[in-house]
Amino acid sequence: MTQAEALTERAPAKLNLCLHVGPRRADGYHDIESLIVFTELGDRLTARLAPDLSLSIEGPFGAALAADDPQDNLVMRAAQALRSAAGVSKGAHLTLHKVLPVASGMGGGSADAAAALRLLQRLWGVRLPQPQIEALAFALGADVPACLRAQPVLAKGAGETLEPAPAPPAAPVVLVNPGVATSTRDVFKVFDTHNGGEKNRSAIMPDRFDGFVDFKRFIESSYNNLTDAAIETTPEIGQILQRLQAVAPESIVRMSGSGATVFAVCEQQGDAQALAAELMAAQPNWWVRATVLRGA
């Protein structure tokens, strides 16, 4: 491969269809159980061989990261960690096309880091064993191992233990973000204040989902118990949840991760398109996108 040739990797948005969080552990982490799936929408990462590592950021939400030191970006941290672990002397110029809002609960930074790990292994011609690359991913962030797989998983422990999960229906989903970044750290602070002794509840995971109705029944039997803490931190999340539950009562409505993005999984593509159009017209300051859940 010459320096002029480029490789590209997608970084699909992560959605927590359920997120059961236990009390804070002595090491600062929380035990979780989360059914994580991905959408067809996401950031995009391109890499070319170069003498050293560098990063450019562009796209609709690139400006939101422009003031940050590129060395602190998870993409660069992932690249540096992989180069060290693999003993690689090559470099790369990375370009991140940022289409997901920052600090939105969709694993944008984690998905970008995971994409960097996949992409640079291809670019540099290396392949770390799966346990090693997943341990490296977890050292970057609790969501990175799941994003590295980019397929339905049940995440346990602090996010480092992954089990295959049944694929969701290829259902349309509407993503809604109020344009307000939500601090995961602040959400967990509030959660710990109110839920210090609550244990996370285990979900009974089926082997498969028999269509949308079966899928909806399972999701509605679970929950995201960071929701109240996130609403206390970012009240706009509550406004979006109320609006979606009112205008799309037949959909699966939930907050992803620690917020601020809320999603509505619909049964029909037309329903999702109509819902997205209605929300964009009524709330032009909200970020609204219609996409599709990815299967296994």
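A few points on the structure. (Residues numbered from 1 in each chain as written. Predicted model: local features only at pLDDT ≥ 70, side-chain atom pairs only at ≥ 80, totals over all residues. Heavy atoms only, no water.)

**Some thoughts on the pairing of strand β3 (residues 53-58)**
- In this structure, β3 lies alongside strand β4 (residues 91-97), joined through six bridges in parallel fashion. By the bridge assignment, serine 54 is partnered in β4 with histidine 93.
- Traced from β3 through helix α1 (residues 74-86) to β4, the parallel crossover comes out left-handed. (Pairing = 2+ DSSP bridges. Helix = DSSP H or I, 4+ residues; strand = E, 2+ residues; numbered from the N terminus. Right-handed = clockwise from strand over helix to strand, strands pointing away.)

**So, the sheet that holds strand β9 (residues 262-265)**
- The four strands are arranged β8-β9-β7-β10 in an open sheet whose pairing can be described as antiparallel. The open sheet has two edge strands with one neighbour each: β8 (252-255) and β10 (287-292). Across the sheet, the mean angle separating the axes of adjacent strands is 20° when strand polarity is ignored.
- Of the strand pairs in this sheet, strand β7 (residues 172-177) and β10 are connected by six bridges, and their pairing is antiparallel. Bridge pairing in β10 links valine 174 to alanine 290. (Axes fitted to C-alpha atoms, helices over the stretch in contact; angles between N-to-C directions.)

**Considering the packing of aromatic side chains**
- This structure, assessed with the given rule, holds four aromatic pairs.
- Relative to phenylalanine 215, the ring of phenylalanine 209 has its centre 5.1 Å away and its plane inclined at 75°; by these criteria the two rings are edge-to-face.
- Overall, phenylalanine 209 belongs to the buried group, its relative accessible area being 9%.
- According to the relative accessible area criterion, phenylalanine 215 is buried, its value standing at 0%.
- Ring centres of phenylalanine 209 and phenylalanine 218 lie 5.7 Å apart, and the angle between their planes is 50°; on these two criteria the pair is classed as tilted.
- Three or more aromatic residues link up through ring pairs in this structure, and these residues are Phe209, Phe215 and Phe218. (Phe/Tyr/Trp six-rings, centres within 6.5 Å; stacked < 30°, edge-to-face > 60°. Buried < 20%, exposed > 50% of the residue type's maximum accessible area, 1.4 Å probe, protein only.)

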